[in-house]
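Here's the letter readout for the chains.
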Amino acid sequence: MSLAFWIAGAYLAGAIPASFIAARVGAGIDLREHGSKNLGATNVYRTLGWRFAIPVGAFDIAKGFVPVWFARGAFADPWVPVVVGVAAVVGHVFSVFVRFKGGKGVATAAGVVLGLAPWALLAAGGVWAAALRLSGYVSLSSMVAAVSFPVLVWLLYPAQYTTLALGGGLAAFIVFTHRANVRRLLAGTANRFGRRTAPKAGH
């Protein structure tokens, strides 16, 4: 199979809008009309709770992990899993199934790096948890963890230059997808983690 096939397949896998489907099928609502209106696991939690958020988050991680894992076995070139992983993240953020408006890409990016540098991901997860405990903001914690990831790759996997490049690119991309969150953080209007918003009746 050609590289183009792998890229297209990874994009389509990443584009599967798990949060949208879970909210529509499980609760009869359009998640884009509730909470932050973002199609990500955090908004699923805020709107519908952990019962929906955990499987959605797990699925979003798998969308990044599975294509990268198989690409690593199918190609000797270390850049191919990186390109395939990027395609999965782009699919999640710009999903063709929901008018190219998906999530922020954090969970799917975590799945990608899980397949390439699991120990660096684990360390970045610790950074995320510490930042969340100190700040209370998921968006800020996600950006801090994303920026820390390339540094952790450099420390733990110094020979994986492709993963280092991927980490730098993903960090910049995740900060970009959180630009609205940055504005809310600066304005003091961002929601802290744990705050729930009930779906509006009739939606």
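Quick look at the structure, then. (Residues numbered from 1 in each chain as written. Predicted model: local features only at pLDDT ≥ 70, side-chain atom pairs only at ≥ 80, totals over all residues. Heavy atoms only, no water.)

### Describing the packing of aromatic side chains
- Per the stated rule, a full pass over the model turns up five aromatic pairs.
- Ring geometry for Phe173 versus Phe176: centroids 6.5 Å apart, planes at 25 degrees, classification stacked. With Phe173 and Phe176 both in helix α9 (residues 161-177) and three residues apart, the pair spans about one turn of that helix.
- Assessed through its relative accessible area of 43%, Phe176 is described here as partly exposed. (Phe/Tyr/Trp six-rings, centres within 6.5 Å; stacked < 30°, edge-to-face > 60°. Helix = DSSP H or I, 4+ residues; strand = E, 2+ residues; numbered from the N terminus. Buried < 20%, exposed > 50% of the residue type's maximum accessible area, 1.4 Å probe, protein only.)

### Here we look at the nonpolar core
- Grouped together as the largest cluster of nonpolar side chains are 20 residues, with contacts concentrated most on Ala120 and Phe149.
- Those elements giving two or more residues to this core turn out to be α5 (79-93), α6 (106-114), α7 (118-135), α8 (138-156) and α9.
- Ignoring anything within four residues of it in the chain, the contact list for Ala120 reads Phe149, Leu152, Val153, Leu156 and Tyr157.
- Within the second largest apolar cluster, 14 residues are counted, among which are Ile29, Tyr45, Ala53 and Val98. (Core = buried A, V, L, I, M, F, W, Y, C linked by side-chain atoms within 4.5 Å. Contact = heavy atoms within 4.5 Å.)

### Observations regarding the pattern of salt bridges
- Following the criterion strictly, the structure yields three salt bridges and no others.
- Asp30 is the partner of Arg32 in a salt bridge, and the nearest nitrogen-oxygen pair spans 3.0 Å.
- For Arg32, a relative accessible area of 28% gives the class partly exposed.
- Given the relative accessible area of 9%, Asp30 is considered buried.
- By sharing partners, the salt bridges in this structure join Arg24, Asp30 and Arg32 into a single network. (Salt bridge = Lys/Arg side-chain N within 4 Å of Asp/Glu carboxyl O.)

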